[in-house]
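# Per-entry structural report
Chain by chain, the residues run as shown.
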Amino acid sequence: MSDPNLLTSDVEEALRAGVRDLLADKADADAVLGRVESSSPLDMDLWRTLVDLGATSLPIPESLGGQGAGWREAAVVAEEVGRAVAPVPFLGSTLATAALLHLSDDTDAQEALKSMASGESVVVLAIPLSGPVDGPLARTVRSVADAGVATRFLVPADGGLHLVEAASVEPVVSLDLTRPVWDVTFADSGVRLTGSGESAVDSALLAGSAMLAAEQVGIAEWCLTTTVAYLKQRYQFGRPVGSFQALKHRLADLWQSIVLARAAALNAADALATSSADTRVAVAVAQSLCSTVAVRAAEECVQLHGGIGMTWEHPAHLYLKRAKADELALGTPGKHRATLASLVNLPG
Amino acid sequence: MTDVRERVAALLAEHDPATTDRLDFLRARFDAGLAWVHFPEGLGGLGLPRAQQEIVEAELAAAGAPDNDPRRIGIGLGMAAPTILAFGSEELKKRLLRPLWTGEEVWCQLFSEPGAGSDLAALGTRARRDGDDWLVTGQKVWTSSAHTARWAILVTRTDPDVPKHAGMTYFVCDMTDPGVEVRPLRQITGEAEFNEVFLTDVRIPDAHRLGEVGDGWRVAQTTLMNERVAIGGRSTPREGGMIGVVSDTWRANPDRRTPEAHDRLLKLWVEAEALRLAGIRLRQQLANGAPGPEGSAMKLAFARLAQELSGLELEITEDGLRYDDWTLRRPDMVDFTGRDAGYRYLRAKGNSIEGGTSEILRNIIAERVLGLPSEPRVDKDVAWKDLPK
Ligand SMILES: Cc1cc2nc3c(=O)[nH]c(=O)nc-3n(C[C@H](O)[C@H](O)[C@H](O)COP(=O)(O)OP(=O)(O)OC[C@H]3O[C@@H](n4cnc5c(N)ncnc54)[C@H](O)[C@@H]3O)c2cc1C
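Nothing here was measured: the structure is a model prediction, and the numbers come from that model.

Scoring rules and cut-offs
- Residues numbered from 1 in each chain as written.
- Chains lettered and ligands numbered in written order.
- Predicted model: local features only at pLDDT ≥ 70, side-chain atom pairs only at ≥ 80, totals over all residues.
- Heavy atoms only, no water.
- Contact = heavy atoms within 4.5 Å.
- Buried area = accessible area lost by both parts, 1.4 Å probe.
- Salt bridge = Lys/Arg side-chain N within 4 Å of Asp/Glu carboxyl O.
- Polar contact = N/O pair within 3.5 Å; in protein donor to acceptor, adjacent residues only side chain to side chain.
- Helix = DSSP H or I, 4+ residues; strand = E, 2+ residues; numbered from the N terminus.
- Nonpolar A, V, L, I, M, F, W, Y, C, P; charged D, E, K, R; others polar.
- UniProt positions renumbered as here; feature names shortened; annotations may be inferred.
- Pairing = 2+ DSSP bridges.

### Description of the interface of chain B and chain A
Between chain B and chain A, the residue contacts involve 47 residues of the former and 42 residues of the latter. Carbon and sulfur atoms supply 68% of the area that chain B and chain A bury against each other, a total of about 3,800 Å² over both sides. Viewed at the interface, chain A and chain B are joined by 5 salt bridges. The shortest N-O distance in the salt bridge between A:D253 and B:R362 comes to 2.7 Å. Counting the contacts that link chain B with chain A gives 20 residue pairs in polar contact (both at pLDDT 80 or more). Elements that contribute at least two residues to the side of chain B that touches chain A include exactly α7 (242–252), α8 (259–287), α9 (294–316) and α11 (358–369) of chain B. If you tally residues by element for the side of chain B that touches chain A, the top one is α8(B), at 18 residues. Residue classes in the side of chain B that touches chain A are distributed as 22 nonpolar, 8 polar and 17 charged.

Quick look at the structure:
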């Protein structure tokens, strides 16, 4: 097996700069905080700007109106979405994109991808954010991310994947303010797409998990950078608090974990992009590690800010809530390690 | 651009590994510029990007060519060579690099002293000018491979009257000089991998100086940076090194498995894999001419993983209560994963001390990578001779 490419290219860095600038402008901490308490917690103006930039359709082929790039580029966007905890339906639509790409021989699937690429519709995969459960089509699926802005749903039911227009969507009070979840109830109607629903969901979970890992790296980096900047300028005992070794060592350890997490996340995106035979291992490694690192980074961020870190006003809590919800999303770290155990022959 | 594959093919055509003497082959490889392709021509390299080395290694390994047994000569390869390349005269480079690389001459590192470990700049081994030579007197300690070394990289104090970082000078030292005395120091493993070294009026020609008089600290930094990259940037296959040994132990001992140990193993497996990937990324960054500060992260993570893994191994192995052999030996190589589980557990304790302790690495990361302020210091503006010792 030759080494994966774990460097980002100039093109990828240019994409990053574009998305980062946009998010810094349209989704700064005040804007996000204001948004999450409003009646429309997701920022669809921002989403449309991302659509126009091409940042939401990177893995969709050009023949279907997408950018014809791939999962490495999508991972760059995911990381920036995480860094800004941007309230946009990125994850829900990433999961749907991957499932539809898997079934892209089906003309309805092609049509759905086209309308996603153009921004005409937002398609969301109707699974609980914590991971899929199968059942009949007519049922309520709890805790679906981004469902409140979906115009269509992909519903796994009876072994197939169904494209559904009509559903009743109930907001719930969510732990993660910037990626709230909804309960969605489906009636017994929709188009069953040709092909195996199970394997479509499986590939959605693989791609979604890899993108989530990139997002977690973005979250962790924001938390580290913000904490370092604060500790440089916060004085106690006549010194910057950041000059105390007990804190410096904690931050050095966190930085070291992020170095590893970044390599693992890049590897997962690269494995997906190159359809590597190693993709499952790469994703399990990335998802179990990056989840843990992002939560630790957010917890350190709150603690090392002291009282201000406990306030609603400071954005640290948005990152803590996103990081903790991301840890549960698409399988906990322990679940990914259990997957890994069988993949690499380390039975329990 | 030079095609390294052609070069390798030409080397193999002229020197069939099956019939060529090992040392002759290594010398020929060095002369063909295939020792370290990023070194200059004439010094074992071809002035090519570092990444091309992996092609050379793969092709030569496939052809069954002998290697230079890097475990025996790690200090020469990882630390002495890059320092000599950066600061040595042309004559020194020509004289020293070839036998260093082939392993004909082993190197050791005379840095640490009883009074100067983490605070290397506190060292007191004195070098005094004597005509075209220097006379060096002092004591070094924890010197790995001193008993097999032909040469040493050595940092000395040449001016005690200025602050400690300013008065140091760096040399290469001939370990066969009559003033050099090497005594074994036994380690917790029972072995004596390191030594104490007494230097008494050791005569070193000025031509063996690396860098300017008084500039030894800067030269030593080059050595230390390379040391951390050498440990951190090392390329391993998946499940290479300690994680491979422990995973195999796990597979071989179903009776000793517990859910708690299983989860620890998997967490460590994930981290070991991520560390391996970060190493690949680091090498890719180096090849593109942009070394990241990740080197110190590698060393820090490497030490912690080696210690946790080897600790876990004792719990899951059949004979965790036994040890293979406490006999005092003076090994001629450093092998972190060699011998048995007890040895690995004990040897790994050194990983967070040698080459800069984990505490010092965290200081370096916090201050040089994250830019956090340094602790208040009492030793910056005081002449070395006036420092409390
Ligand atoms: C197996 C092994 C092989 C070695 N090989 C060589 C060799 O070949 N050549 C050579 O020159 N040296 C060698 N060393 C020496 C090694 O570099 C030193 O041991 C190391 O730098 C620490 O120095 P010290 O032992 O004096 O400990 P000290 O510096 O006295 O440290 C004692 C403790 O204090 C901590 N500490 C010190 N300063 C700080 C600080 N500012 N902040 C926080 N904590 C601090 C340290 O981390 C450590 O835990 C080797 C050591 C080992 C264990």
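### Description of the UniProt feature "domain: Acyl-CoA dehydrogenase/oxidase N-terminal" (unreviewed entry) in chain A
Mapped onto the present numbering, the UniProt feature "domain: Acyl-CoA dehydrogenase/oxidase N-terminal" (unreviewed entry) falls on residues 10–120 of chain A. Helix makes up 66% of residues 10–120 of chain A and strand 0%. Its end C-alpha atoms lie 30 Å apart.

### Structural notes on the UniProt feature "domain: Acyl-CoA dehydrogenase/oxidase N-terminal" (unreviewed entry) in chain B
Mapped onto the present numbering, the UniProt feature "domain: Acyl-CoA dehydrogenase/oxidase N-terminal" (unreviewed entry) falls on residues 4–104 of chain B. For the annotated span residues 4–104 of chain B, helix accounts for 58% and strand for 0% of the residues, and the straight-line distance between the end C-alpha atoms is 25 Å.

### A word on the sheet that holds strand β7 (residues 191–192) of chain A
Residue and element names in this part refer to chain A. Sheet architecture is open: 4 strands sit in the order β1-β3-β4-β7, paired in mixed fashion. Two strands close off the open sheet at either side, each with one partner strand: β1 (123–125) and β7. Strand direction decides the pairing type here: β1 and strand β3 (residues 152–157), joined by 3 bridges, are parallel. Across the sheet, residue L125 finds its bridge partner in β3, namely L154.

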